[in-house]
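Here's the letter readout for the chains.
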Amino acid sequence: MSHTSERFDAQAARITSGKGFIAALDQSGGSTPKALRLYGVEESEYNGDEEMFGEIHKMRARIITAPDFTSEKVLGAILFERTMRGEVDGKPTAAALWEDRGIVPFLKIDKGLEDKANDVQVMKPMPGLEDLLAEAAGHGVFGTKERSVIHAANAEGIEAVVAQQFEVARTVIGAGLVPIIEPEVDIHSDTKSEAEAILHDALAKHLDTLAEGQDVMLKLTIPNQAGLYDDLADHARVLRVVALSGGYSTDDACARLAKNTKMIASFSRALTEGLSKKQSDADFNAALGANIDKIYQAS
């Protein structure tokens, strides 16, 4: 057995049965200035994309190397492409996560969303996906994440989202990685409950088309009906169902998540809430530790 398959098996075991949550550290281009602003870095403090991404990488490295950011409470971390290509403490990020922290690395692969049609937003085309997946595998990344958005209970739109998600997922599986399928339901939708019922059935149908060994994860908005996705969590092809916070406050998201015993958290905004570049390391680590603890308890 090669070293990589041993690593893969160890990571799969962590993801399937480990306690904790998946940290989303993957805000990309469009949302980076906002993420930095919340972190206390104004746009006047950097010039151009290179410096902007440098600042966000420093923020992520500070999170990854913080004393509480370990496998005790954090199962995995979703990285943005540039973060994967960067280094933390002199090591490529994915290796630093797994070897130094025991945290399973994932990569965000989608290129953003198309305009709304049929009450949904499918993913934009992903040119060069196979090359990116090969690069990720070379870095020791375990899985990927791809996001679409559902705005209303439109069966045709939801089917289009799920079909596209599974099509990309098969490409990811073909590259030896585990896809996180993320069809987000907008928390402000007037038909959120109905949309979730339709999504549940579409996911169940497509999961049944996967063969032995074609394993996926699901990242879903916390449903209005507690336990709605429990049977999907038990599906033979699903390693884990994780929840996105979707704009709920941390406290609200954690309260809702606690009612869904077969979902664990994968929150991004909630993780970095209240962190600032200007904080001393002690204050930063205390604030991050409190966020990690809160999300961990809900998971």
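Placed above this text is the structure.
Read on for a plain summary of the structure. Predicted model, so just to flag it, every value in this text is computed and none were measured.

Any two side chains of opposite charge can pair if their charged atoms end up close together. Counted according to the given criterion, the structure contains 22 salt bridges. One salt bridge connects Glu50 with Arg82, and the closest N-O pair in it is separated by 2.7 Å. Pair noted here: Glu50 is in helix H3 (residues 48-64) and Arg82 is in helix H4 (residues 81-85), with a separation of 32 residues, a long-range link. Where salt bridges share partners, they join Glu81, Arg85, Lys111 and Glu135 into one cluster.

Further remarks concern the environment of Ala137. Topologically, Ala137 is positioned in helix H6 (residues 129-139). Judged by relative accessible area, which is 30%, Ala137 ranks as partly exposed. Between the C-alpha atom of Ala137 and that of Glu87, which follows or precedes it by 50 residues, the distance is 16 Å. When neighbours within four sequence positions are excluded, Ala137 is seen to be in contact with Arg7, Ala175 and Leu177.

The next subject is the packing of aromatic side chains. Scanning the entire structure with this criterion turns up four aromatic pairs. Ring geometry for Tyr39 versus Phe284: centroids 6.3 Å apart, planes at 75°, classification edge-to-face. Taken as a pair, Tyr39 in the loop between helix H2 (32-38) and H3 and Phe284 in helix H12 (residues 281-298) lie far apart in primary sequence, 245 residues in all. In terms of burial, Tyr39 and Phe284 fall into one category: buried. Ring geometry for Phe106 versus Phe142: centroids 5.7 Å apart, planes at 90°, classification edge-to-face. In this pair, Phe106 sits in strand E5 (residues 104-108) while Phe142 sits in the loop between H6 and strand E7 (143-150), placing the two residues 36 residues apart along the sequence.

Here the focus is the pairing of E5. Within E5, five of the five residues are buried, leaving the element largely enclosed by the surrounding structure. Judged by which residues are buried, E5 turns out to be covered on both faces: Val104, Phe106 and Lys108 on one side and Pro105 and Leu107 on the other are all buried. For strand E2 (residues 74-79) and E5, the ladder comprises four bridges, and the chain directions are parallel. Considered in E5, the bridge of Ala77 is made with Pro105. Both E5 and E7 contribute to a ladder of three bridges, which runs parallel. Bridge pairing links Leu107 to Thr144 in E7.

Each value, and the rule that gives it
- Residues numbered from 1 in each chain as written.
- Predicted model: local features only at pLDDT ≥ 70, side-chain atom pairs only at ≥ 80, totals over all residues.
- Heavy atoms only, no water.
- Salt bridge = Lys/Arg side-chain N within 4 Å of Asp/Glu carboxyl O.
- Helix = DSSP H or I, 4+ residues; strand = E, 2+ residues; numbered from the N terminus.
- Buried < 20%, exposed > 50% of the residue type's maximum accessible area, 1.4 Å probe, protein only.
- Contact = heavy atoms within 4.5 Å.
- Phe/Tyr/Trp six-rings, centres within 6.5 Å; stacked < 30°, edge-to-face > 60°.
- Pairing = 2+ DSSP bridges.

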